[in-house]
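Observations on the model geometry
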Amino acid sequence: MAIDPSASGLGSVTQFGWQQLKLQQAKRNADQAEQTAQILQQQASVAKREADRAQEHARSLGVQSDQAQSLAVRARQGLAALSAGASSQTQLTYVIDQALNRQSTAPSTSASQDKFSSVATTQASTTGTIINTTA
């Protein structure tokens, strides 16, 4: 059997066409894979920026939290000092009021003491005089 040159030519043309088709398909697959890789790279870039922003926001919130905690501690210390001061002030006011009450009652007591001391002195003078009975 003789091989027909036209038939073998047709086979090689078909094979060449098949290779071209496979080559085009491979090129399309490579282009599509490259596009997918670029899209994924862009998405990864966006996600990284968002993660960086979120991390920075978390740091900022941590600093704000520390500042708020410090402020709360100082406020509690100030409140304790005010409470202690108010208690001391109340005690001081009470002591001053007591002293003023004693002072206002002290002059009448002092006047009655002066009265009693003058009576005692008069009696002492009278009883204390020596009389000469040898004459």
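About the cut-offs
- Residues numbered from 1 in each chain as written.
- Predicted model: local features only at pLDDT ≥ 70, side-chain atom pairs only at ≥ 80, totals over all residues.
- Heavy atoms only, no water.
- Helix = DSSP H or I, 4+ residues; strand = E, 2+ residues; numbered from the N terminus.
- Buried < 20%, exposed > 50% of the residue type's maximum accessible area, 1.4 Å probe, protein only.
- Areas by Shrake-Rupley, 256 points an atom, 1.4 Å probe, with all protein chains shown as cover.
- Salt bridge = Lys/Arg side-chain N within 4 Å of Asp/Glu carboxyl O.
- Patch = residues over 30% accessible without salt bridge, like charges linked within 9 Å, V, L, I, M, F, W, Y side chains within 5 Å.
- Polar contact = N/O pair within 3.5 Å; in protein donor to acceptor, adjacent residues only side chain to side chain.
- pLDDT = per-residue confidence, 0-100.
- Contact = heavy atoms within 4.5 Å.

**Thoughts on the overall build of the chain**
When helices and strands are counted, the chain shows one helix and zero strands. Per-residue burial for the chain yields a buried fraction of 0% across its 135 residues. As presented, the chain carries roughly 12100 Å² of accessible surface, and 60% of it is formed by carbon and sulfur atoms.

**Overview of the pattern of salt bridges**
Taken as a whole, this structure holds two salt bridges when the rule is applied. Across the pair Asp 52 and Lys 48 runs a salt bridge whose closest N-O atoms are separated by 3.3 Å. In this pair, Asp 52 and Lys 48 are both assigned in helix α1 (residues 5–127), four residues apart and thus about one turn of the helix distant. For Arg 59, the salt bridge is made with Glu 56, and the minimal N-O distance between the two is 2.9 Å. Placement of the pair is Arg 59 and Glu 56 together in helix α1, with a separation of three residues, close to one helical turn. Judged by relative accessible area, Arg 59 falls into the partly exposed class, the value being 47%.

**Here we look at a nonpolar patch on the surface**
There is a patch of nonpolar side chains on the surface, built from Leu 92, Ile 96 and Leu 100 and spanning about 280 Å² of accessible area. Tracing the backbone shows Leu 92 in helix α1. Look at Leu 92 and you get exposed, because its relative accessible area is 52%.

**As for the environment of Arg 28**
Summarising the element assignment, Arg 28 is placed in helix α1. Within the structure, the side chain of Arg 28 is placed 3.0 Å from the side chain of Gln 25, a separation counted as a polar contact.

**Quick notes on the confidence of the model for the chain**
When the pLDDT values of the chain are averaged, the result is 79; 70% of them are 70 or greater. Every residue in residues 118–125 scores below 50 in pLDDT, and together they form one contact with partners more than four places removed in sequence or on other chains.

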